[in-house]
Structures are given as structure tokens and as C-alpha cells.
Amino acid sequence: MPHSSTHTGQFPIGFRRGGSPWQRDLASLIAWAVEHRFAAIDLGADAPAAAPSVLAAGLKVGSADLLRHRDLLSPDKARRDDALAANADHIAVCAALDIRHFFSLLLPEKPDAPRIDNFRLAVAAMGELAGILESHSAHAVIEGWPDRGALGCNPETCRALFKEVPSTAMALNYDPSHLIRMGIDPIRFLDEFADRVRHVHGKDCAILPDARYDIGHEQPGVFTPAHAYGGWSWRYTLPGAGEMRWTEALTILRDRHYTGLICIELEDENFNGATTTEQAGLLRAAGFLAEQ
């Protein structure tokens, strides 16, 4: 039976492995993924140990996490060098398993340092990492999660990074939910950077207008709790439950000759937390993407 794929572009659909108990049971997770026609699983830093079982089941490994993200952007050169050496070994082991996409976050060790200083650290680290990745025909797929001090989250810093580190080993994990959260048009972003996209997360973001009126988006609430997997005036959701225009994005990816996967990242307070609801959320997200 063929794997699930999107209607537009026929991109295979997978998901990112989470940390809940049923997902930590790798054998059961793989069996469930195969039963429900998923094409791939994104793995974490344990990819060298987990990948052989995933591959043996006929699934792909969409991405593997790089190691020690914050150490790579440390002002301490010895710490940076040690993290680079650890990642060189990690990449080599993963590449031997034909894993070519390495999930990356540009998270500085000192997030409150001047952003230009942290950007220079990112350029130095990614510049050295690029050569390691090139030697294995691999890519760092940078996700723009806007944690405190993070870089590579918006057009300004992506543009600057690719200018300073032009290697095609520097690529993007396109996750529109983060762009929507920040008020950045995800379609315009994709149109600008599609040639750098090597991996895609199927995740959405809902903007909550009443909460935005009550609280805005600059400050936390005083009397209102934040959403799980969200803030006060926004929350991450399944694809199709937020603001993302998925068919437009898939059309751009198709027309720009994207050949990768769409891997669901399940972060939705209505589904996370229990085995049955998480499984239902992944299946609902896959069904929605298959219709786009």
C-alpha cells in the first residue's frame, strides 16, 4: 500500500517523533506509523541508535537532530570546538545510514548578549559545520523557532546568514507556525527562500483575536493563563486549524522542485497528552495534508 502524500506535489507525509510514552516505545511507534501509511519519522539526537529500526520497516528518516545547539553558539571557543567535533562524528554516523538532513536551531548560549555578537558566532559555527556537511552531501535544516535570543527565525537573519555562509549545505526547515506567530507572511517567506528549503514541518498557528485585543502580543497576560504550545494571543495547532494557506505553500514547493517530505510536528493543546488523542491528531493532520 502506498504511503500517504499531499495532493499538490505528492510530497510524502511523515511526522516528528515526540516525547510522550507511546512515542518513546520505538517498536510500537514504527508499527503504528507503518499501519497508518506514514512515509517517514523525524528523529532526535538518538538517530544513530533509532534509525536502523525505522529504515528496516521501510520508512525514511526525515531528519536527525544536531547535537548541543547552544554550545555551537558559545562565546567560549573551546566549547564551540568540542561541540563541532561531537557533531562531526554524529553526522558521519548518520550519513552512513543515509540520513542527510540535520535539524538545527540557532540558539545562543548567552541569549541576552548583543544580537550582532551572537550572529557572528552563528556565522563562525555554521561556516565550519558547512564543510563537514558538504563532505557527506548533507544539510543543516535550520528551524526558526523564536526562542529567546534565537537567530535564523526571520528574513533579515536568514538572508544575512546565507550571504555570510553561502554553502548550499546551509538550508531551512520550513515551519510556517513560527512565522505566523511572529507576524511574518509565511507564503512570502517561502517564495523568497524556497530554494533553501530541504525539510518541512506540518504545523500551523492560530491567532486568537479576542486575546490579542485583551492582551496584545508584546506582553504576557496578568489574569489569563497562556495556552499550552502557545502564548496568550496565539497557539500552535494541527495543519488546517490555523492561519496557514497550505495549498499555496505546496504549490510553491512543487513549482520550485522541492523533493522532500512534509513531517507533522504535533504541538496542539487539543491533542497532545494522551496516546489516543495524539494518534488522532497525527491522523487528522495527515488526512488534511493529503487533501491539499
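Above this text sits the structure in question.
Residues numbered from 1 in each chain as written. Predicted model: local features only at pLDDT ≥ 70, side-chain atom pairs only at ≥ 80, totals over all residues. Heavy atoms only, no water.

Undergrad: Let's hear about the pairing of strand β4 (residues 101–104): which residues, and what values?
TA: Residues of β4 alternate between two faces, with His 101 and Phe 103 on one and Phe 102 and Ser 104 on the opposite face, all of them buried. Of the strand pairs in this sheet, strand β3 (residues 60–65) and β4 are connected by 2 bridges, and their pairing is parallel. Looking across to β4, one finds that Asp 65 is bridged to Phe 103. When β4 meets strand β5 (residues 139–143), the two strands line up parallel, connected through 4 bridges. (Buried < 20%, exposed > 50% of the residue type's maximum accessible area, 1.4 Å probe, protein only. Helix = DSSP H or I, 4+ residues; strand = E, 2+ residues; numbered from the N terminus. Pairing = 2+ DSSP bridges.)

Undergrad: I'd like a description of the side chain of Asp 175, backed by residues and values.
TA: Within the fold, Asp 175 resides in the loop between β6 (170–174) and α8 (176–182). When its relative accessible area of 4% is taken as the criterion, Asp 175 is described as buried. Contact partners of Asp 175, with chain neighbours within four places excluded, come to Glu 143, His 201, Lys 203 and Glu 265. (Contact = heavy atoms within 4.5 Å.)

Undergrad: Tell me what's going on with the packing of helix α7 (residues 155–164) against helix α9 (residues 186–193), and back it up with residues and numbers.
TA: Two packed helices can be described by the angle between their axes and the distance between those axes. Between α7 and α9, whose axes approach to 12 Å, the crossing angle comes to 10°. In terms of their interaxial angle, α7 and α9 are classed as roughly parallel. Contacts between α7 and α9 involve Pro 155, Cys 158, Arg 159 and Phe 162 on the former and, on the latter, Phe 189, Glu 192 and Phe 193. Here the residues of the contact of α7 with α9 are counted per class, giving 5 nonpolar, no polar and 2 charged. (Axes fitted to C-alpha atoms, helices over the stretch in contact; angles between N-to-C directions. Parallel < 35°, antiparallel > 145°, perpendicular 65-115°, else oblique. Nonpolar A, V, L, I, M, F, W, Y, C, P; charged D, E, K, R; others polar.)

Undergrad: Give me the lowdown on the packing of aromatic side chains, citing residues and values where you can.
TA: For the coordinates displayed, the defined rule picks out 9 aromatic pairs. A ring pair is formed by Tyr 174 and Phe 189, whose centres lie 6.4 Å apart and whose planes are at 15°; its orientation type is stacked. Highlighted residues: Tyr 174 in strand β6 and Phe 189 in helix α9, separated in sequence by 15 residues. Here Tyr 174 matches Phe 189 in class, with each residue buried. Site record: aromatic cluster; members linked through ring pairs are Phe 15, Trp 22, Trp 32 and Phe 38. Over the face of the ring belonging to Phe 103 we find Arg 16, whose NZ or CZ atom lies 4.5 Å from the ring centre. Taking the ring centre of Phe 162 as reference, the NZ or CZ of Arg 196 above it sits at 4.2 Å. (Phe/Tyr/Trp six-rings, centres within 6.5 Å; stacked < 30°, edge-to-face > 60°. Lys NZ or Arg CZ within 6 Å of the ring centre and 35° of its normal.)

Undergrad: Would you mind going over the state of the cysteines in detail, with residue names and values included?
TA: Tallying each qualifying case throughout the model produces 0 disulfides. Residue Cys 94 stays outside any disulfide, its sulfur separated by 15 Å from that of Cys 263, the closest cysteine. The buried category is assigned to Cys 94, whose relative accessible area is 0%. (Disulfide = S-S within 2.5 Å.)

Undergrad: Requested: an account of helix α11 (residues 246–255), with residues and values cited.
TA: Every buried residue of α11 is listed here: Trp 246, Ala 249, Leu 250, Ile 252 and Leu 253. Down the axis of α11, the buried set is contained in an arc of 155°. They therefore lie on one face. Looking at the buried residues of α11, the elements they touch are α8, α9, β7 (197–202), β8 (204–207), β10 (262–264) and α12 (275–291). One or two residues past the end of α11 sits His 257, with phi positive at roughly 65°. (Arc of directions from axis to C-beta.)

Undergrad: Please give an account of the pairing of β5 that cites residues and values.
TA: Counting buried residues along β5, 5 of its 5 residues qualify, which places the element largely inside the surrounding structure. Burial along β5 is two-sided: His 139, Val 141 and Glu 143 and Ala 140 and Ile 142, pointing in opposite directions, are all buried. Each parallel crossover has a hand, and the one from β4 via helix α6 (residues 115–134) to β5 is right-handed. Taken together, the 4 bridges between β5 and β6 define a ladder with parallel strand orientation. When the bridges of β6 are listed, Glu 143 appears paired with Asn 173. Considered for its hand, the β-α-β crossover made up of β5, α7 and β6 is right-handed. (Right-handed = clockwise from strand over helix to strand, strands pointing away.)

Everything listed here is a matter of geometry and, on its own, says nothing about what the molecule does.
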